[in-house]
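Here's the letter readout for the chains.
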Amino acid sequence: MTSILAIDPAWTATEPSGVALLTQGKDRWKCVGLSPSYSQFVELANGTPVDWLTTPSAGRPDVDALLNAARTLLGGDSVDLVTVDMPIALTAIHKRREADSAVSQKFGSKGCSTHSPSEIRPGEIGRQFTERLSDLGYKVATVETPVGATFVVAEVYPHPALLHLLDKDFRFKYKIGRASEYWPEKTPADRRRRIVKNWRKILDQLSLTINKIELPLPAKTDLDDLPSTSLKRFEDAIDALVCGWVGVKYLEGDCTAYGDESAAIWIPPKSS
């Protein structure tokens, strides 16, 4: 049974990272694991449900632990595809890559330009992550990789992917840290309500492809006093789910690789 381990990694070791695990069912894909941190994903495989009220821990990705946890949740099966929202490459990353420039050229006018990687961000975290996955048989997917190939790690980017998922022409407003920029005239509580409303729109669309998404978003009535910092964990989990959805499109052959022979960012749909 085909499976996707989707990760939304922080580019530093001081922030948590979302993780989602998808497996292909008869009619739809199914989410068999979702967490706002690496440690909670591993604990989930050990039988401890995710406590969404607990502040998720930060840390570096332990590739072996993540793949072993995924294998447990998959009943002993290995992961077929890894998708990740972090700069990765076959060569050392010191500066902006062709992949970053190509995506920005294509989607910059839609508000979806990429951040520039450096030797520090993601730096050692990205290098160790990529090297260990390669050691375990998951090579970086580049423009030379056939779309749909398995046992690779594919770099993805949620912002332009959401344009396709939601049929939008411009970057979707769903980042809690930018809520004051989106709606400066609104109260903080109203901004939180608008962000969560947009999260529900994303989940509704994802649910057309992915079944069993268990993400208990805060109720509207709880958002008056809930600090915005406590909502970031839900955003990270949603980003991981979007990374997984891009993996689904990739396996269906409905993705385009932007980049070169050293690195590529995979974004749906397939170029005509």
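Residues numbered from 1 in each chain as written. Predicted model: local features only at pLDDT ≥ 70, side-chain atom pairs only at ≥ 80, totals over all residues. Heavy atoms only, no water.

Draft legend 1. View of the side chain of Asp 260. Topologically, Asp 260 is positioned in the loop between strand 8 (256–259) and strand 9 (264–267). Notably, Asp 260 is buried but unbridged: the nearest opposite-charge side chain belongs to Arg 97, and the N-O separation is 7.8 Å. Within the structure, Asp 260 has its side chain in polar contact with the side chain of Ser 262 (distance 2.8 Å). (Helix = DSSP H or I, 4+ residues; strand = E, 2+ residues; numbered from the N terminus. Buried < 20%, exposed > 50% of the residue type's maximum accessible area, 1.4 Å probe, protein only. Lys, Arg positive; Asp, Glu negative; His and termini not counted. Salt bridge = Lys/Arg side-chain N within 4 Å of Asp/Glu carboxyl O. Polar contact = N/O pair within 3.5 Å; in protein donor to acceptor, adjacent residues only side chain to side chain.)

Draft legend 2. Region of the structure containing the packing of aromatic side chains. Inspection of every chain in the model, using the stated rule, returns six aromatic pairs. Their ring planes at 85 degrees and their centres at 5.0 Å tell us that Tyr 250 and Trp 266 sit as a pair that is edge-to-face. Residue Tyr 250 is found in helix 8 (residues 232–251), and its partner Trp 266 is found in strand 9; the two are separated by 16 residues along the sequence. An identical accessibility class is assigned to Tyr 250 and Trp 266; each is buried. Through pairs of rings, three or more aromatic residues link up here, namely Trp 52, Trp 199 and Phe 234. (Phe/Tyr/Trp six-rings, centres within 6.5 Å; stacked < 30°, edge-to-face > 60°.)

Draft legend 3. View of the pairing of strand 3 (residues 29–35). When you tally the buried positions in strand 3, you get five out of seven residues, the bulk of the element. Relative to strand 3, strand 2 (residues 18–24) is paired through six bridges, and the arrangement is antiparallel. Paired with Thr 23 across the strands is Lys 30, a residue of strand 3. Counting the residues in the hairpin turn of strand 2 and strand 3 gives four residues. The pairing of strand 3 with strand 7 (residues 210–211) spans two bridges and is parallel. The partner of Trp 29 across the bridge, within strand 7, is Ile 210. (Pairing = 2+ DSSP bridges.)

Draft legend 4. Up close: helix 1 (residues 38–45). Among the residues of helix 1, those classed as buried are Tyr 38, Gln 40, Phe 41 and Ala 45. Looking down the long axis of helix 1, one finds its buried residues gathered within 165 degrees of arc, a one-sided arrangement. Of the surrounding secondary structure, the elements contacted by the buried residues of helix 1 are strand 1 (3–8), strand 2, strand 3 and helix 2 (63–73). Remark: Gly 47 follows helix 1 within two positions and exhibits a positive phi of approximately 100 degrees. (Arc of directions from axis to C-beta. Contact = heavy atoms within 4.5 Å.)

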